[in-house]
Structure formats: structure tokens, C-alpha cells
Amino acid sequence: GGGNEQSTDVISAWEGDSVSITCPMNGSQNQVGMYLTAIRQNLNVIYVPKNESPNVNPAFANRVKYSEEGENLRITLQRLQESDSKIYVCSEMVKINDRHKDLYGKTTIVVVKAKSSRALEQSPLYANPEQGQSVSITCVLGSSPEHEGFHLLRTHVQPGRVLYASKLNVSKVSPAFVSRLEYSREGNRTEITLHSLQEKDSDNYVCAEDVKNSPLLSASGTMVLVKEVKRACEKSSWDLYALAVVVAVLFCALVSCTLYRLDVKKYFQKKKTNVVYEDMCYNSRRSTLVRTNTFSRGE
């Protein structure tokens, strides 16, 4: 097709809800129209030709709305069904040298959560590791020969794709987990381990299986809530700070006492000098008395 593939969005919703998919348009004069397609099923959901009425797939009749918002085409899928769980891609048709060409753009994974039992099994339902620890998620996939690939998705706090592994064992890992993720598969059982977890990794992680000519099969998910240990660190820092303050105060007190003792010593040293002075005065008076006695003898 051509074009530059953009980042993948993940949207999670319940049956009966609505979701909106935003398709960027480049505004080229060669543009003929915009498509929203379910790529695995090769299903055109809607085609919006330039300056003409849109064509909507009968499976989405009366459930699709669209609007142009600046340089984006906003497509809303209403009254969602579990079968709407698909990988959608926006594409733009352009005409170059009298030939039509599709430019593929943004990919959006839509996970529709059914209110009935899930298609895939996943465990655990909940994990509460501390920062720096690891968590393992186990997914039991179907055994369909039409299996195309496996996804691990984040669906709530920071929606996105964490892992994609094709049936040919070609994998793609999100940059946020590129050095922190391990996975293994034995039969239809897949285990994914996330290492060195941080508070920002808290999210709902959902296993999903991509089956050809079928909706995206998903599990109930694993809610991972990473415990914050920041407070303990802060408490330790405050304890060290308080200890440092106490040591500083004691040091200042010791210096002050030392200086005070030196001043007192100097004070007494000055007093000792005054005593010597008084002794000198006494000697002077003694000399005077001696002279007086001599004078008296002369008389």
C-alpha cells in the first residue's frame, strides 16, 4: 500500500457502547477518499469519497457516523457488538498519474468486552506487586488453525499494545517493555512476564487472539496495580535528614562550648595579670615605707 504507518491505538469498550476512531488526512489534492477497514477480515467499514456521500458496510448500517474535524476524519461506531472486536486501519486513496493508490495510516485495535463469558482464559485476575518486582500473566488461547497472532494489550490507563507475536514466532514489543518482557508458549498456553515494574505500569492487561475471518478474541484481563514504595523512601530520607540536623546542632553546641571555655580561660588569664599588678603596687608601697623610716631616722 505505501504510506507511513502510525502508532497503534487500543480502545476498550463494553457491548452497546460507542467508540470513535480518528483518521488523519493529509489534505492532498490527489485525495480521492478515505477508508476505515478491518484488515484481517478485509472488510471495508466505511468509505468516504471526496465531496460525495459515504458508502457504509451493511454490517454497520445505522451504526456509523463520521465528521471532518480539521485535518482528521472522525468515525464513530455505535451500539458495539462483540463481533466488532477487530484491528482497524485508516487508509487514504489517492490518484497519481491516473492510477489509484492506497496509503495506509493509523491502526486502531478495538476490544469489545462482552457481558457473557469470555472467549479466552487468562490468569491471574489481579496482581499487586511492589516496584521493582515482576508479574506473570498466563493466557490460554484457542486451538484454531486460522490463528494469525497473539496480542497483550493495555486497555485503561495508557491504552496500547505491549506485545504482538505472530504464528511464525515473529514478535514486536512496546518500547516501554522492550528490555522488561519475556514470554513463552507451549501448545495453546502462553505465559508473559513483566519485569522491573514501576508505578506507571499499573493498568489492565488483556490477552487477545487474532484469528483469520473472525473477530478479535479477548480475555477478561489482569488488573496490575504496582505498590508505591516512594513513601517508605521518603520516610527514610526524612529520618536521615533529621539525624543530620541533630548532628549539626550537637556539633554547633560543641563548638560553642569550646569557644566559651577558651573565652573563660582568657578571662582568668587577664585576672592573673591584675594580681601581678597589685603585687607590684604592694612592692612600691613597701619601698615608700622604707624611705619613710629612713627619713625619720635622719630627723
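Predicted model, so just to flag it, every value in this text is computed and none were measured.

So, the overall build of the protein
Right, so step 1: In terms of regular secondary structure, the protein is built from one helix and 20 strands.
Right, so step 2: Within the protein, the proportion of its 299 residues that are buried is 35%.
Right, so step 3: Counted over contacts in the protein with a minimum sequence separation of 6, partners at least 24 positions apart contribute 60%.
Right, so step 4: In the form shown here, the protein has an accessible surface area of approximately 18700 Å², with 52% of it arising from carbon and sulfur atoms.

Regarding the environment of V10
Right, so step 1: Along the polypeptide, V10 turns up in strand β1 (residues 8–14).
Right, so step 2: Residue classification places V10 among the buried residues on the basis of a relative accessible area of 6%.
Right, so step 3: For V10 and T155, which are 145 residues apart along the polypeptide, the C-alpha to C-alpha distance reads 6.4 Å.
Right, so step 4: When neighbours within four sequence positions are excluded, V10 is seen to be in contact with I109, L153, R154, T155, P159, G160 and R161.

Some points on the confidence of the model for the protein
Right, so step 1: Confidence in the prediction of the protein, expressed as mean pLDDT, is 79, and 73% of residues score 70 or more.
Right, so step 2: Mean pLDDT across the elements of the protein bottoms out in helix α1 (residues 230–298) (54) and peaks in strand β12 (residues 135–140) (95).
Right, so step 3: Taken as a whole, residues 1–5 scores under 50 in pLDDT and shows 14 contacts with residues more than four places along the chain or in a different chain.

As for the state of the cysteines
Right, so step 1: Under the defined criterion, the tally for this structure stands at two disulfides.
Right, so step 2: A sulfur-sulfur distance of 2.0 Å marks the disulfide that ties C23 to C90. Measuring the twist about the S-S bond at about -65°, one finds the C23-C90 disulfide to be left-handed. With a gap of 67 residues between them, C23 in strand β2 (residues 19–24) and C90 in strand β8 (residues 86–96) connect regions that are remote in the sequence.
Right, so step 3: On the basis of relative accessibility, which here comes to 3%, the residue C90 falls in the buried class.
Right, so step 4: The disulfide partner of C139 is C207, and the S-S distance across this bridge is 1.5 Å. In this pair, C139 sits in strand β12 while C207 sits in strand β18 (residues 203–211), placing the two residues 68 residues apart along the sequence. Each member of the pair C139 and C207 is classed as buried.

Things to note about the pattern of salt bridges
Should the charged atoms of two oppositely charged side chains come close, the side chains can pair.
Right, so step 1: This model, assessed by the stated rule, comprises six salt bridges.
Right, so step 2: Of the charged contacts, one joins D9 and K106 as a salt bridge, the two residues approaching to 2.7 Å between their closest N and O atoms. Of this pair, D9 sits in strand β1 while K106 sits in strand β9 (residues 99–113), and the two are 97 residues apart along the sequence.
Right, so step 3: Residue E69 is joined to R74 by a salt bridge in which the shortest nitrogen-to-oxygen separation is 3.9 Å.
Right, so step 4: For E69, a relative accessible area of 41% puts it in the partly exposed group.
Right, so step 5: Classification of R74 by relative accessible area gives partly exposed; the value is 32%.

Notes on the side chain of T76
Right, so step 1: Along the chain, T76 falls in strand β7 (residues 72–77).
Right, so step 2: For T76, a relative accessible area of 17% translates into the label buried.
Right, so step 3: Reaching out from T76, the side chain makes a polar contact with the side chain of S20 at a distance of 3.0 Å.
Right, so step 4: Apart from residues lying up to four places away in sequence, T76 is in contact with S18, V19, S20, R63, V64 and K65.

Here's the deal with the sheet that holds β1
Right, so step 1: Strand order across the open sheet formed by six strands is β1-β9-β8-β3-β4-β5, with mixed pairing between neighbours. Of all the strands in the sheet, just β1 and β5 (55–56) have a single pairing partner and so form its edges.
Right, so step 2: As paired strands, strand β4 (residues 43–49) and β5 are joined by two bridges and run antiparallel to one another. Directly across from Y47, in β5, lies its bridge partner N55.

Side note on the packing of aromatic side chains
Right, so step 1: Here the structure, examined in full by the defined rule, presents two aromatic pairs.
Right, so step 2: Ring centres 4.3 Å apart and planes at 25° place the aromatic pair Y35 and Y47 in the stacked group. Note that Y35 is positioned in strand β3 (residues 31–38) and Y47 in strand β4, a separation of 12 residues in sequence.
Right, so step 3: Assessed through its relative accessible area of 13%, Y47 is described here as buried.
Right, so step 4: Between the NZ or CZ atom of R180 and the centre of the ring of F177, over which it lies, the distance is 4.6 Å.

Considering the sheet that holds β7
Right, so step 1: Strand order in the open sheet formed by three strands is β2-β7-β6, and the pairing between neighbours is antiparallel. Since the sheet does not close on itself, it has two edges, and those belong to β2 and β6 (64–69), each with one partner. This sheet shows a mean twist of 20° between the axes of neighbouring strands, independent of strand direction.
Right, so step 2: Relative to β7, β6 runs antiparallel, the two being bridged by six bridges. Residue pairing for β7: V64 is matched across the bridge by L77.

Conventions adopted
Residues numbered from 1 in each chain as written. Predicted model: local features only at pLDDT ≥ 70, side-chain atom pairs only at ≥ 80, totals over all residues. Heavy atoms only, no water. Helix = DSSP H or I, 4+ residues; strand = E, 2+ residues; numbered from the N terminus. Buried < 20%, exposed > 50% of the residue type's maximum accessible area, 1.4 Å probe, protein only. Contact = heavy atoms within 4.5 Å. Areas by Shrake-Rupley, 256 points an atom, 1.4 Å probe, with all protein chains shown as cover. pLDDT = per-residue confidence, 0-100. Disulfide = S-S within 2.5 Å. Salt bridge = Lys/Arg side-chain N within 4 Å of Asp/Glu carboxyl O. Polar contact = N/O pair within 3.5 Å; in protein donor to acceptor, adjacent residues only side chain to side chain. Pairing = 2+ DSSP bridges. Phe/Tyr/Trp six-rings, centres within 6.5 Å; stacked < 30°, edge-to-face > 60°. Lys NZ or Arg CZ within 6 Å of the ring centre and 35° of its normal. Axes fitted to C-alpha atoms, helices over the stretch in contact; angles between N-to-C directions.

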